[in-house]
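Here is what each chain is made of, one letter per residue.
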Amino acid sequence: MQEETINILGVETSCDETAAAVVADGRIVKSAVVASQAKLHEKYGGVVPEIASRAHIEKIYPVIKEAMVQAKVAEDDVDAIAVANQPGLTIALVVGVTAAKTLSFAWGKPLIAINHLHAHLQSAIMSEDDVEPPAAALIVSGGHTSLYDYRSPLEPRLLGSTIDDAAGEAFDKVATILKLPYPGGPSIEKAAADGDPAAIEFPRSMLGRESLDFSFSGIKTAVLYHCRGQDMKGENKVDSMSRQQIADIAASFQAAVVDVLVKKTQRAANKIGAKTVLLGGGVAANSTLRSALKQMCDSGTPPKKLLVAPKQYCTDNAVMVASLAYYKYKAGLFADLTLEPKATG
Ligand code: KG4
Ligand code: ZN
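A brief structural summary.

The rules behind these values
- Sequence order as written defines residue numbering, which begins from 1 separately in each chain.
- For this description, chains carry letters from A and ligands carry numbers from 1, given in the order in which they are written.
- Totals for whole chains, interfaces and linings use all residues, but because this is a predicted model, local features are given only for residues with pLDDT of at least 70 and pairs of side-chain atoms are given and counted only at 80 or more.
- Working from all heavy atoms in the structure, the side-chain values ignore hydrogens and water.
- What counts as a helix is a DSSP run of H or I of at least four residues, what counts as a strand is a run of E of at least two, and both are numbered from the N terminus.
- Expected helix span is given by 1.5 Å per residue-to-residue step, counting one fewer step than there are residues.
- Note on classification: 1.4 Å probe, protein chains only; a residue is buried when its accessible area is under 20% of the maximum for its type, exposed when over 50%, partly exposed between these limits.
- Of all possible arcs, the one meant is that of the directions from the helix axis to the C-beta atoms.
- Residue contacts follow a heavy-atom distance rule, with two residues in contact if any of their heavy atoms lie within 4.5 Å.
- Counted as a polar contact is a pair of N or O atoms within 3.5 Å, where, for protein atoms, one must be capable of donating a hydrogen and the other of accepting one, and residues adjacent in sequence contribute only when both atoms are in side chains.
- Note on definitions. A residue lies near a molecule or strand when any single heavy atom of the residue is within 4 Å of it.
- The protein chains shown are the only cover counted for residues, whose accessible areas, like all others here, come from Shrake-Rupley with a 1.4 Å probe.
- Only strands that DSSP links by at least two bridges are regarded as paired with each other.
- Comment: axis = line fitted to C-alpha atoms, over the contacting stretch for helices; angle = value between 0 and 180 degrees taken between N-to-C directions.
- Donor selection uses N, O and S atoms within 2.8 Å of the metal (3.2 Å for Na, K and Ca). Since no water is included, sites may look incomplete.
- Irregular is the label for any site that misses the other tests, which are tetrahedral for four donors with all angles between 85 and 135 degrees, and square planar for four donors or octahedral for six when opposite donors exceed 155 degrees and the remaining angles lie between 65 and 115.
- Residues belong to one nonpolar core when they are buried, are Ala, Val, Leu, Ile, Met, Phe, Trp, Tyr or Cys, and are joined through side-chain atoms within 4.5 Å.

## A look at helix H9 (residues 287–298)
So, step 1. In a regular helix each residue adds 1.5 Å, so 12 residues correspond to 16 Å; H9 covers 16 Å between its end C-alpha atoms and thus fits that length.
So, step 2. Inspection of H9 places Leu289, Arg290, Leu293, Met296 and Cys297 among the buried residues, and these make up the whole buried set. Seen along its axis, H9 keeps its buried residues to an arc of 125°; they face one direction.
So, step 3. In the core, the buried residues of H9 are packed alongside strand S6 (135–140), helix H8 (243–272), strand S9 (276–280) and strand S10 (305–308).
So, step 4. The backbone nitrogen of Thr288 lies 3.0 Å from a side-chain oxygen of the residue at the head of H9, namely Asn286.

This is how it looks when you write it as structure tokens:
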């Protein structure tokens, strides 16, 4: 007898994307809707929580409705409602959590709580039939930089994370210093394409021989000193720099960040005897990072399989939420209407 299809409606509002999606059986994407707030935050050079929260409130209903329409499903076809409830900006998360709880109550469908970072991991494995464990999994986003020992979708074990800035945050801040457009990650990548990655030797913070934690605040400061002088008294030289000089700074910065991310992932892989490496999160859209990790995996003995989230599912989306929720559904791991948003996770 063929098993029944399980349709899950996923909701995501942890930062500056209002997203909803319907995914069947954890991998068939029936709809994926994302309303990005990038334009609203552009002039501030980063996400402003109050603005994010208000925009989520405006968009949440139309986005969920659009996801249902595009998927051609009605409430009766939905088996569960999943929502990212941690980690993220509490006043942003609360919008998605409230919407999901309301639908769960009104439609009489189970509610599933999803960890946003575990969902990013899910984007990397969603279309894979078998992921050979153990896997060293790197999540690099605007708010987080974390390494996991991954053996199953439900129990990734945290091995290390950033002690200060996240990798994406460093990209965004350095883009602001270089006066490149927001969001910074794609702008730095574009500028770096014409630059020399060996032009400037920016610091690579490894935090000791064993550490699987990250630190990116030092490199951000190094770029700032490079542009304004060690005493910070000089004016920002960026305005008088040539395009080539900006490109060289962007390429050298990107090379240093990628270098640290790859070396730490290698360390984690060695420590757990990884057969597979997973990569997800907004910064995973970066081509230099993708190819450097690929090279690391190919040159290992034995080589490791690299699974990377497709570019459209690197940045925040609800497909990854609905996909991961399928495994919680199968395991009967449901939340109730007391579910709260949590900043950490
Ligand atoms: O995962 P995400 O959408 O949001 C969080 O959960 O934080 O990640 C957004 C981050 C931003 O910092 C953005 O600058 C960065 O991902 N990003 C990139 C690229 N595309 C997005 N960083 C480097 N290269 C890119 N191509
Ligand atoms: Zn994210």
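## A word on the site of ligand 1
So, step 1. Every one of the 18 residues lining ligand 1 counts as a neighbour, but Gly142, Asp172, Gly185, Glu189 and Asp316 are closest to it.
So, step 2. His116 is positioned such that a nitrogen or oxygen atom in its side chain is 3.2 Å from an oxygen atom of ligand 1.
So, step 3. Between ligand 1 and Ser141, the relevant distance is 3.4 Å, taken from an oxygen atom to a side-chain nitrogen or oxygen of the residue.
So, step 4. Compared with its free state, where it exposes 560 Å², ligand 1 has 91% of that area covered by protein.

## Looking at the sheet that holds strand S2 (residues 17–24)
So, step 1. A sheet is described by the order of its strands in space; here five strands give the open sequence S3-S2-S1-S4-S5, paired in mixed fashion. The sheet is open, and its two borders are formed by strand S3 (28–36) and strand S5 (111–115), each paired with just one other strand. Strand-to-strand twist in this sheet, taken as the mean axis angle between neighbours without regard to direction, amounts to 20°.
So, step 2. With four bridges joining them, strand S1 (residues 7–12) and strand S4 (residues 80–86) adopt parallel strand pairing. Following the sheet pairing, Leu9 is matched in S4 by Ile81.

## Focus on the coordination of the zinc ion (ligand 2)
So, step 1. The protein atoms that coordinate the zinc ion (ligand 2) are His116 (NE2), His120 (NE2) and Asp316 (OD), at distances of 2.0 to 2.1 Å.
So, step 2. Of note is the zinc ion (ligand 2), whose four donor atoms meet at the metal with angles of 95 to 146° in an arrangement that counts as irregular.
So, step 3. When the donor residues of the zinc ion (ligand 2) are listed from N- to C-terminus, their spacing reads H-x3-H-x195-D. One end of the pair, His116, and the other, His120, are both in helix H4 (residues 116–125), four residues apart, so they sit about a helical turn from each other.
So, step 4. Given a relative accessible area of 5%, His116 falls into the buried group.
So, step 5. A relative accessible area of 0% places His120 in the buried class.

## Let's talk about the pairing of S1
So, step 1. The buried fraction of S1 amounts to six of the six residues, a majority that puts the element mostly inside the structure.
So, step 2. Of the two faces of S1, both are covered, the one formed by Asn7, Leu9 and Val11 as well as the one formed by Ile8, Gly10 and Glu12.
So, step 3. Hairpin remark: S1 followed by S2, antiparallel, with four residues in the connecting loop.

## A short note on the nonpolar core
So, step 1. Counting 53 residues, the largest nonpolar core has Leu178, Phe202, Phe216, Phe253, Leu261, Leu289 and Leu293 as its most contacted members.
So, step 2. Looking at this core element by element, the count peaks at 14 residues for H8.
So, step 3. Other than its neighbours up to four places away in sequence, Leu289 contacts Val140, Val258, Leu261, Val262, Leu279, Val283 and Ala284.
So, step 4. In this structure, Ala20, Ile81, Leu111 and Ala113 belong to the second largest nonpolar core, which totals 25 residues.

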